[in-house]
Amino acid sequence: MQQKSHKPFLKLILVLFTVICASLQFNFAQKTSSFKAFKSTNSIDEKTRRALELWEYYLRNDVDSLQILATELAKTKDRNAFSMAVSKRIFGCYQVRKGQINGGINLLKESKNYFLSIGDMQLLCEELNELGIAYYLQGDLETSTFFFKSSLTTGAQSPKETDVILAEVNLAKVFIAKKDFKQATAILNHYVFIAKEFKKWEAVANAYSVLADVQLNLGNYSKAKIYCEKQLRFAKKGNALNLKINALNNQALIFFFEGKPTEALSLFKQILSIRKKQNIPSKIYDAYYNLASFYVDVNPDLANQYIDSCQIVAKIGGYLQLELEALKFKRDELKELNLSKEITALEKAIQTLNQENEKEREELTKLLMQEIATIEENNHWIILSVMFSFLFLVILIVRFRLFR
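The rules we used
Residues numbered from 1 in each chain as written. Predicted model: local features only at pLDDT ≥ 70, side-chain atom pairs only at ≥ 80, totals over all residues. Heavy atoms only, no water. Helix = DSSP H or I, 4+ residues; strand = E, 2+ residues; numbered from the N terminus. Buried < 20%, exposed > 50% of the residue type's maximum accessible area, 1.4 Å probe, protein only. Contact = heavy atoms within 4.5 Å. Areas by Shrake-Rupley, 256 points an atom, 1.4 Å probe, with all protein chains shown as cover. Lys, Arg positive; Asp, Glu negative; His and termini not counted. Salt bridge = Lys/Arg side-chain N within 4 Å of Asp/Glu carboxyl O. Expected span 1.5 Å × (residues − 1). Phe/Tyr/Trp six-rings, centres within 6.5 Å; stacked < 30°, edge-to-face > 60°. Lys NZ or Arg CZ within 6 Å of the ring centre and 35° of its normal. Core = buried A, V, L, I, M, F, W, Y, C linked by side-chain atoms within 4.5 Å.

Student: Any chance you could explain the overall build of the protein chain here in plain terms?
Tutor: If you tally the helices and strands in the protein chain, you get 18 helices and zero strands. Considering the protein chain as a whole, with its 404 residues, one finds that 47% of them fall into the buried category. Taking contacts inside the protein chain between residues at least 6 apart in sequence as the whole, the part at least 24 apart equals 60%. Here the protein chain has roughly 21,300 Å² of accessible surface; of this, 55% comes from carbon and sulfur atoms.

Here you go:
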């Protein structure tokens, strides 16, 4: 009789313990939705979840669709604070990439504040990374660095495993802009190692592209070629449009290194055509910059025309850092004189941005520290609860055996 009286209770404890442990292993499923499924969904929570899946897909494949997605979500009848925050994120990302930098930053800040208020570390991690991209393009490298590092900090608290490295490639790009190639390389090597562990091949390919850029900056063309070849190998495992365009770019570089300028030039021009159709200013800038670099030695006049185009694109988009880069290319590569006033004015504008954003950095640091402290305290109590549950389970098992 005693044996029968213990079994149901013991089974209940085992089930409860399993549930507790399973909750600690929770991860978001990576399932790509469709716009049709998103639009036909009646539940606002489900609709918002599908919007987030599409946001990630469109960022990599179809930026123009972000605007349609954000508008559709914002006008949903049963919209709530959460769905509106996600809509603002989506539209903010669209504006940043379309050269409406200030409007995009404002929208991203609003959604960031909401995700912070509800303590969602995954969404906050992604939002901080997006703000880092925005400030990088705007030209404030100090604030960009802050947001990328904050993204990595919150990523360590996110239930999505890969968030712990989400902002690393972008942070490496900031260090490249600062000419700190040693730090950039260290970050990228760590990113590649972790991304391979998770079998995130598109991420690996992206990192190799940036490692190639590091070596190009250092003048190590043989190493740059190796990284380009590695990028091409891993790019074949992914389907994102941006990844394929990066692969074209790296193939062009390989042709150039192998002494095949005609083939390289053909691909560079093909990339420019694709980027113009996408109409993403920062990507168009990159395509013009590639052609300016190609012609710098063989046709300086043509190189100057392409770098002029870079400067125009950057100025229209409000991308101060890129505009500064174009001016320095003229000064250093094309030996153009009388640019010191323009360069100094841009550097001062960037410094002013940095000063204006200092207060926001300080305030966000305090809020993040408070939120993370709360999470860590909660995790501490969860761990203690699991330990006590396990101890209680052991005691029950021992007692059960003793009284059999």
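Student: What is the right way to read the side chain of D163 from this model?
Tutor: Mapped onto the elements of the fold, D163 is located in the loop between α8 (141-155) and α9 (168-177). K160 provides the closest opposite charge to the buried, unpaired D163, separated from it by 4.6 Å.

Student: What's the story with helix α15 (residues 281-295) in this structure? I'm lost.
Tutor: The α-helix advances 3.6 residues per turn, and as a result positions three or four apart in sequence lie on the same side. For α15, spanning 15 residues, the distance from its first C-alpha to its last is 21 Å, which sits close to the expected 21 Å at 1.5 Å a residue. For α15, the complete set of buried residues consists of P281, S282, I284, Y285, A287, Y288, L291, A292, F294 and Y295. Close packing links the buried residues of α15 with α5 (81-97), α7 (121-138), α13 (241-257), α14 (261-278), α16 (300-317) and α17 (320-332).

Student: Looking at this structure, how should I read unusual backbone geometry?
Tutor: Generally, phi is negative for residues other than glycine and the peptide bonds are trans, each holding for most cases. Non-glycine residue N279 carries a positive phi angle of around 60 degrees. Within the secondary structure layout, N279 lies in the loop between α14 and α15. Judged by its relative accessible area of 43%, N279 is partly exposed. Positioned with a positive phi, N338 is a non-glycine residue whose angle comes to about 60 degrees. Structurally, N338 is set in the loop between α17 and α18 (340-402).

Student: Any chance you could explain the packing of aromatic side chains here in plain terms?
Tutor: Any pair of aromatic rings gets described here by the distance separating the centres and the angle formed by the planes. Counted by the stated rule, this structure contains 20 aromatic pairs. Pairwise contacts between aromatic rings join Y221, F256, F257, F268, Y288, F294, Y295 and Y306 into one cluster. Sitting above the plane of the F38 ring, K47 keeps its charged end 4.8 Å from the centroid. Positioned above the aromatic ring of W201 is the side chain of K237, whose terminal nitrogen or guanidinium carbon lies 4.2 Å from the ring centre.

Student: Explain the nonpolar core to me, please; I cannot follow it from the model alone.
Tutor: As a rule of thumb, soluble globular proteins bury nonpolar side chains together. Core analysis: the biggest nonpolar cluster contains 104 residues, and L66, I90 and L188 have the highest contact counts within it. Formed by eight residues, the second largest nonpolar core is a distinct cluster that contains L320, L327, L346 and I350.

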